[in-house]
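# Summary of structural features
Now for the letters of each chain:
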Amino acid sequence: DIDILCESKKRIVDLLYAKPAREDILIYNYQLYIGKQRIAIDIREIGDEYYDSNWEKEMLKKRVSYKNFYILESEEYIYSLLYHSLIHKKKIADKYREIFRQYFYTDDEIQLLEKLKKYMHKKGYKPVFPLDKGVNFNRNNFMILKN
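Residues numbered from 1 in each chain as written. Predicted model: local features only at pLDDT ≥ 70, side-chain atom pairs only at ≥ 80, totals over all residues. Heavy atoms only, no water.

In this section: the overall build of the protein. Check the secondary structure of the protein and you find 6 helices and 6 strands. Put simply, the protein runs from its N terminus to its C terminus through helices and strands in the order β-α-β-β-β-α-β-β-α-α-α-α. Taken along its principal axes, the extent of the C-alpha atoms in the protein is 45 × 35 × 30 Å. Put simply, the protein has 147 residues, and 39% of those count as buried. (Helix = DSSP H or I, 4+ residues; strand = E, 2+ residues; numbered from the N terminus. Buried < 20%, exposed > 50% of the residue type's maximum accessible area, 1.4 Å probe, protein only.)

Structure (structure tokens):
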């Protein structure tokens, strides 16, 4: 799937002619078709509580041009991926463990939580409960970051 962070979800949905993946609950998962190919898209917007709003603004502010689109700056990417892995997932996916070992020299969840907590405190970011009802939520790790 493709992950998008933007200022206005409605604007992106309208530009892409994206359709909600489900109509029955508040989710931020969409789909679009290019020819007969279905593309899954997660569209996040400032204020959706997926990340702290100030963090979302900073991610967009520090974005980096890459080919014909923008990507997250490297520090924003690694810490947002760490937050995503620890808060939006029940456990750290194997595909992220190697990234964390290379960047943080560990894939131990407790050590990674401490690194994330220190980073968020330094930046003034708070853990948030996502509005998206389709997102997994690791309450234990959330409480560790909150305290």
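Inspection of every chain in the model, using the stated rule, returns 16 aromatic pairs. Judged by centre distance (5.4 Å) and plane angle (45 degrees), the ring pair of Tyr 51 and Tyr 83 falls under tilted. Placement of the pair is Tyr 51 in the loop between strand S4 (37-45) and helix H2 (53-61) and Tyr 83 in helix H3 (residues 74-87), with a sequence separation of 32 residues. Just as Tyr 51 is buried, Tyr 83 falls in that class too. What links up through ring pairs into an aromatic cluster is the set Tyr 50, Tyr 51, Trp 55, Tyr 79, Tyr 83, Tyr 96, Phe 100, Tyr 103, Phe 104, Tyr 119 and Tyr 125. In this structure, Lys 9 is placed above the aromatic ring of Tyr 28, and the distance from its NZ or CZ to the ring centre is 4.0 Å. (Phe/Tyr/Trp six-rings, centres within 6.5 Å; stacked < 30°, edge-to-face > 60°. Lys NZ or Arg CZ within 6 Å of the ring centre and 35° of its normal.)

Bridge count between strand S2 (residues 19-20) and strand S3 (residues 29-34): 2 bridges; the pairing is antiparallel. In the sheet register, Pro 20 faces S3, and the bridge partner there is Tyr 30. Relative to S4, S3 runs antiparallel, the two being bridged by 6 bridges. Each bridged residue has a counterpart across the sheet, and for Tyr 30 the counterpart in S4 is Ile 41. What sits between S3 and S4 in their antiparallel hairpin is a turn of 2 residues, with Gly 35 showing a positive phi close to 65 degrees. (Pairing = 2+ DSSP bridges.)

The next thing to look at is the side chain of Lys 9. Within the element layout of this structure, Lys 9 appears in helix H1 (residues 9-16). The side chain of Lys 9 is buried and forms no salt bridge, while Glu 45, the nearest opposite charge, is found at 4.6 Å. Excluding anything up to four places from it in sequence, Lys 9 contacts Ile 27, Tyr 28, Tyr 30, Ile 43 and Glu 45. (Lys, Arg positive; Asp, Glu negative; His and termini not counted. Salt bridge = Lys/Arg side-chain N within 4 Å of Asp/Glu carboxyl O. Contact = heavy atoms within 4.5 Å.)

This part takes up the packing of H3 against helix H4 (residues 94-104). Direction vectors running N to C along H3 and H4 enclose 130 degrees, while the axes themselves pass 11 Å from each other. The pairing of H3 with H4 is recorded here as oblique in orientation. For the pair H3 and H4, the sense of crossing is left-handed. On the side of H3, the interface is formed by Glu 75, Tyr 77, Ile 78, Tyr 79, Leu 81, Leu 82, His 84 and Ser 85, while H4 contributes Tyr 96, Ile 99, Phe 100, Tyr 103 and Phe 104. For the contact of H3 with H4, the per-class residue count stands at 10 nonpolar, 2 polar and 1 charged. (Axes fitted to C-alpha atoms, helices over the stretch in contact; angles between N-to-C directions. Parallel < 35°, antiparallel > 145°, perpendicular 65-115°, else oblique. Left-handed = near helix turned anticlockwise from the far one by under 90°. Nonpolar A, V, L, I, M, F, W, Y, C, P; charged D, E, K, R; others polar.)

The gaps of empty space that remain are located by a probe, the size of a water molecule, rolled over the atoms. Roughly 1,300 Å³ of internal volume is contained in the largest pocket. Lining the largest pocket are 35 residues, with Asp 3, Ile 4, Leu 5, Asp 42 and Leu 72 sitting closest to its centre. Listed by contribution, the elements that provide at least two residues to the lining of the largest pocket are strand S1 (2-6), H1, S4, H2, strand S6 (69-71), H3 and H4. Its residues assigned to classes, the lining of the largest pocket shows 17 nonpolar, 7 polar and 11 charged. In this model, the second largest pocket occupies a volume close to 170 Å³. Lining the second largest pocket, in full, are Lys 117, Met 120, His 121, Gly 124, Tyr 125, Lys 126, Pro 127, Leu 145, Lys 146 and Asn 147. Those elements that place two or more of their residues in the lining of the second largest pocket are helix H5 (109-123) and helix H6 (139-146). Here the lining of the second largest pocket gets 3 residues from one element, more than from any other, and that element is H5. (1 Å grid on protein atoms, 1.4 Å probe; cavity = no way out; pocket = protein on both sides within 12 Å on 5 of 7 lines; lining within 4 Å. Points joined across faces, edges and corners; volume = space filled by probe spheres on them.)

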